[in-house]
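The chain contents come next:
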Amino acid sequence: MKKFLSLLFVLSIGAMTQSCNVNKGLAGLSPDKALSGVQALLGGASKNALKGFAGNVLQNEVMKKVMPKGLSNITSLLGKSSEGTKALGLLNNALGSAVPGVASSILGNATKGIAGADALSLLKGGDTGATDFLKKAAGKKLMAALLPAITNKLTSNGGLSAITSALGGQASSLLGNGKPSLADLVTTGAVDGLFGMMGKAEKAERANPTDPILKDIFGK
């Protein structure tokens, strides 16, 4: 019995130590400090993600995983010809031109609008808790703002016509018959890709904080 009780004591101490390590910096955190932490976490994650739209964002591993199947099929086909590769360049250019300016404003305002009372639960919400919250809060607004911006960029730089031409006879089967338009597919891919990259950046910052506020909160 004594050995059994001793074992229970050791296990309980271990569990308490692990719990303290996990929650270090979060216990007793004031609403203001928690809000500063969430805003630092999301601010850093959004900047990191938006940098990913420079260059060949369509080849970003996160983007490739979350983009709609229709868009994935189109980019795969385009990559098989020189004409299609040029069209992909125009598509990447449109994304890099449209997304950062529109998204940074919307994400910034949504982050500023987070209530202090919600901040602590977001810090405790798991690896991508803050990003998941922001996607629910601003995802639809971001989609609505990006669709015309991306459409305009693809029209002005010749991307829409170049992609349709490069797809040739397959264009109607990929984009017609009630299927989403190319602009709709690209916009959905951009939004999902952006939040996917934000989530990846948030997870990394939680594990190894670089921001002074987050170092204090997450006990690094």
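Residues numbered from 1 in each chain as written. Predicted model: local features only at pLDDT ≥ 70, side-chain atom pairs only at ≥ 80, totals over all residues. Heavy atoms only, no water.

Helix and strand counts for the chain come out as 11 helices and 0 strands. Moving toward the C terminus, one meets the helices and strands of the chain in the order α-α-α-α-α-α-α-α-α-α-α. Out of the 220 residues in the chain, the part that is buried amounts to 36%. Considering only intrachain contacts with a sequence separation of at least 6, the fraction spanning at least 24 residues in the chain is 84%. When the accessible area of the chain is evaluated, it comes to approximately 11600 Å², of which 58% is carbon and sulfur surface. (Helix = DSSP H or I, 4+ residues; strand = E, 2+ residues; numbered from the N terminus. Buried < 20%, exposed > 50% of the residue type's maximum accessible area, 1.4 Å probe, protein only. Contact = heavy atoms within 4.5 Å. Areas by Shrake-Rupley, 256 points an atom, 1.4 Å probe, with all protein chains shown as cover.)

We now examine the packing of helix α7 (residues 129–156) against helix α10 (residues 182–207). Orientation of α7 relative to α10, taken along the N-to-C sense of each, is 150 degrees, at an axis distance of 9 Å. Between α7 and α10, the interaxial angle falls into the category roughly antiparallel. Like other packed secondary-structure pairs, α7 and α10 cross with a definite hand, here right-handed. When grouped by side-chain class, the residues that make up the contact of α7 with α10 number 14 nonpolar, 7 polar and 5 charged. (Axes fitted to C-alpha atoms, helices over the stretch in contact; angles between N-to-C directions. Parallel < 35°, antiparallel > 145°, perpendicular 65-115°, else oblique. Left-handed = near helix turned anticlockwise from the far one by under 90°. Nonpolar A, V, L, I, M, F, W, Y, C, P; charged D, E, K, R; others polar.)

With that out of the way, let us pick up helix α4 (residues 69–78). Of all the positions in α4, only L71, I74, T75 and L78 are classed as buried. Down the axis of α4, the sector holding all buried residues measures 95 degrees, keeping them to one side. Against α5 (82–112), α8 (159–167), α9 (171–175) and α10 lie the buried residues of α4. (Arc of directions from axis to C-beta.)

In this model, the largest pocket occupies a volume close to 270 Å³. As for the largest pocket, its lining consists of 18 residues, and the residues nearest its centre are G44, A45, N48, A201 and E202. Only α2 (31–51), α3 (61–66) and α10 provide two or more residues apiece to the lining of the largest pocket. For the lining of the largest pocket, the residue count by class is 9 nonpolar, 4 polar and 5 charged. (1 Å grid on protein atoms, 1.4 Å probe; cavity = no way out; pocket = protein on both sides within 12 Å on 5 of 7 lines; lining within 4 Å. Points joined across faces, edges and corners; volume = space filled by probe spheres on them.)

Inspection of the secondary structure assignment puts L134 in helix α7. On the basis of relative accessibility, which here comes to 1%, the residue L134 falls in the buried class. L134 sits 27 residues away from L107 along the chain, and the two C-alpha atoms are 7.7 Å apart. Each residue touching L134, except ones within four places of it in the same chain, is listed here: L42, L107, A110, T111, G139, F195 and M198.

With that settled, the discussion passes to the pattern of salt bridges. For side chains bearing opposite charge, pairing can occur when the charged atoms are close. In the structure shown here, the tally under the stated rule is 4 salt bridges. For D192, the salt bridge is made with K135, and the minimal N-O distance between the two is 3.4 Å. Of this pair, D192 sits in helix α10 while K135 is found in helix α7, placing the two residues 57 residues apart along the sequence. Its relative accessible area of 21% is what places D192 among the partly exposed residues. Look at K135 and you get partly exposed, because its relative accessible area is 36%. We note a salt bridge from E202 to R206, for which the minimum N-O separation is 3.0 Å. Taken as a pair, E202 and R206 lie in helix α10 at a separation of 4 residues, close to a single helical turn. The exposure class of E202 is buried, given its relative accessible area of 0%. (Salt bridge = Lys/Arg side-chain N within 4 Å of Asp/Glu carboxyl O.)

For the rest of this paragraph, the subject is α5. A rise of 1.5 Å per residue sets the reference length of α5, with its 31 residues, at 45 Å; its end C-alpha atoms lie 45 Å apart and thus fit the reference within 8%. If you look at α5, its biggest bend is around 30 degrees, right at V99, and the proline P100 turns up within four residues after that. (Expected span 1.5 Å × (residues − 1). Bend = angle between axes of the 7 residues up to and from the residue.)

Turning our attention to the packing of α5 against α8. In contact at an axis separation of 9 Å, α5 and α8 are set at 155 degrees when each is read in the N-to-C sense. Between α5 and α8, the crossing angle belongs to the class labelled roughly antiparallel. Classified by chirality, the crossing of α8 by α5 is left-handed. Within the contact between the two elements, α5 uses E83, G84, A87, L90 and L91 and α8 uses G159, A162, I163, S165 and A166. Looking at the contact of α5 with α8 residue by residue, the classes come out as 6 nonpolar, 3 polar and 1 charged.

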